[in-house]
Amino acid sequence: MKAFRASAGLAALVAAFFSARPASAQHDFANTRASIGVSIVPALSVQKSRDLVVGASGPSELAADSAAVFQVTGPAGGTLLFTVALPSSTTARRVGGSETITVEGFHSNLSSMCPAGASGCALPYTLLVGATARVDSNQRAGQYVGTFTVTVHQL
Amino acid sequence: MKRSCAKPSPLLAAAGVFLLAAACAGQTCTGPPPSIAIAKTADLNFGSLGATASAGTAVIDPATGGRTVTGGVVGLSGSFNAAGFSVLLCGLAGPKRFTVVLPSSAVTLNGSGGGTMTVDTFTQNPANPISGNTIATTPFTVGATLHVGASQTPGTYTGVFSVTVTRP
């Protein structure tokens, strides 16, 4: 009698188990989540390492003439085609005064070192920029300071 | 990565859920058999990309794990991979196959530098339905398309997507 009760109880358990499944369920399903990751870096960046000095010609000048130097950097070991945009002109103003000098004729070493149509320039690339200062015959002596912007575009 | 799973004895069908849960650590069935369980084995990783003044895309192919870039996006060195999942069918009854349901709308990624990007066009390999079994897990992979904006803000971007598997 005791054995019968036990098996009847097991049968009831099994019946309860299967009846617990919803009869209307068409699918059993499971889900999970995954992350998406990506790192975005600028393909090109440009940083000044030396200012441009034009027309240093007096005993009071602090620095000799020198081209501006920029470091064009990108992905490690990368080779990229890029162009450089330079200003057509800029104005330098005398320190402590209001007199100005026009600086124009900006040019770089890019055209000869990294010509268009080449497979690319190895990075980092040392970009040199020069320019011409238009000094009037009666230009007041002094130190003239201005700024200009260099932009690199990846092709 | 295969995870084997003990086959439940028919005599112990009532206890099958608990046997499976014990036998498949890390991958368990939540419902009574026949049921299904899924585990993630790899996150979707587009690797390292260079942003330029032109917008573009990066696509991960789930079949090959390869990456293709279009537009102004530059593919940089470093690892990238499709997302990976493994599926275990639980219980002896029912067809031995399952269907994967991927996001139908775009997922937004947020960047450490403040920008956002979207990921859409999720694809899978193999195609639905996928044959599975109750003894070992069945793997499948998921790829997608990442949309990178013009001059996209640099940074590390992360997001989350959900994958559902159903068993007929």
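Residues numbered from 1 in each chain as written. Chains lettered and ligands numbered in written order. Predicted model: local features only at pLDDT ≥ 70, side-chain atom pairs only at ≥ 80, totals over all residues. Heavy atoms only, no water.

Engineer: Which parts of the structure should I look at to understand the environment of Asn-31 of chain A?
Structural biologist: Checked against the element boundaries, Asn-31 of chain A lands in strand β1 (residues 28–42). For Asn-31 of chain A, a relative accessible area of 46% gives the class partly exposed. Leaving out residues up to four positions away in the same chain, Asn-31 of chain A has contacts with Ile-38, Ser-162, Val-163 and Thr-164 of chain B. (Helix = DSSP H or I, 4+ residues; strand = E, 2+ residues; numbered from the N terminus. Buried < 20%, exposed > 50% of the residue type's maximum accessible area, 1.4 Å probe, protein only. Contact = heavy atoms within 4.5 Å.)

Engineer: For this particular structure, what's the right way to read the confidence of the model for chain B?
Structural biologist: Low-pLDDT portions of the prediction should not be read for the details of their coordinates. Residue-level pLDDT values for chain B average 83, and 80% of them are 70 or greater. Across the interfaces of the predicted complex, the ipTM metric reaches 0.81, alongside a pTM of 0.60. (pLDDT = per-residue confidence, 0-100.)

Engineer: Can you walk me through the interface of chain B and chain A in this structure?
Structural biologist: When the parts of a complex come together, some accessible area is lost, and that lost area is often used as the size of the interface. The partner chain A presents 24 residues to the 48 residues of chain B that form the contact. Both faces combined, the contact of chain B with chain A buries some 3000 Å², and carbon together with sulfur accounts for 62% of it. Along the contact surface separating chain B from chain A lie 0 salt bridges. At the boundary of chain B and chain A, one finds 15 residue pairs in polar contact (both at pLDDT 80 or more). Residues belonging to the side of chain B that touches chain A are distributed by class as follows: 30 nonpolar, 15 polar and 3 charged. Bridge count between β1 of chain A and strand β2 (residues 44–51) of chain B: 6 bridges; the pairing is parallel. Across the sheet, residue Ser-39 of chain A finds its bridge partner in β2 of chain B, namely Ser-48 of chain B. (Buried area = accessible area lost by both parts, 1.4 Å probe. Salt bridge = Lys/Arg side-chain N within 4 Å of Asp/Glu carboxyl O. Polar contact = N/O pair within 3.5 Å; in protein donor to acceptor, adjacent residues only side chain to side chain. Nonpolar A, V, L, I, M, F, W, Y, C, P; charged D, E, K, R; others polar. Pairing = 2+ DSSP bridges.)

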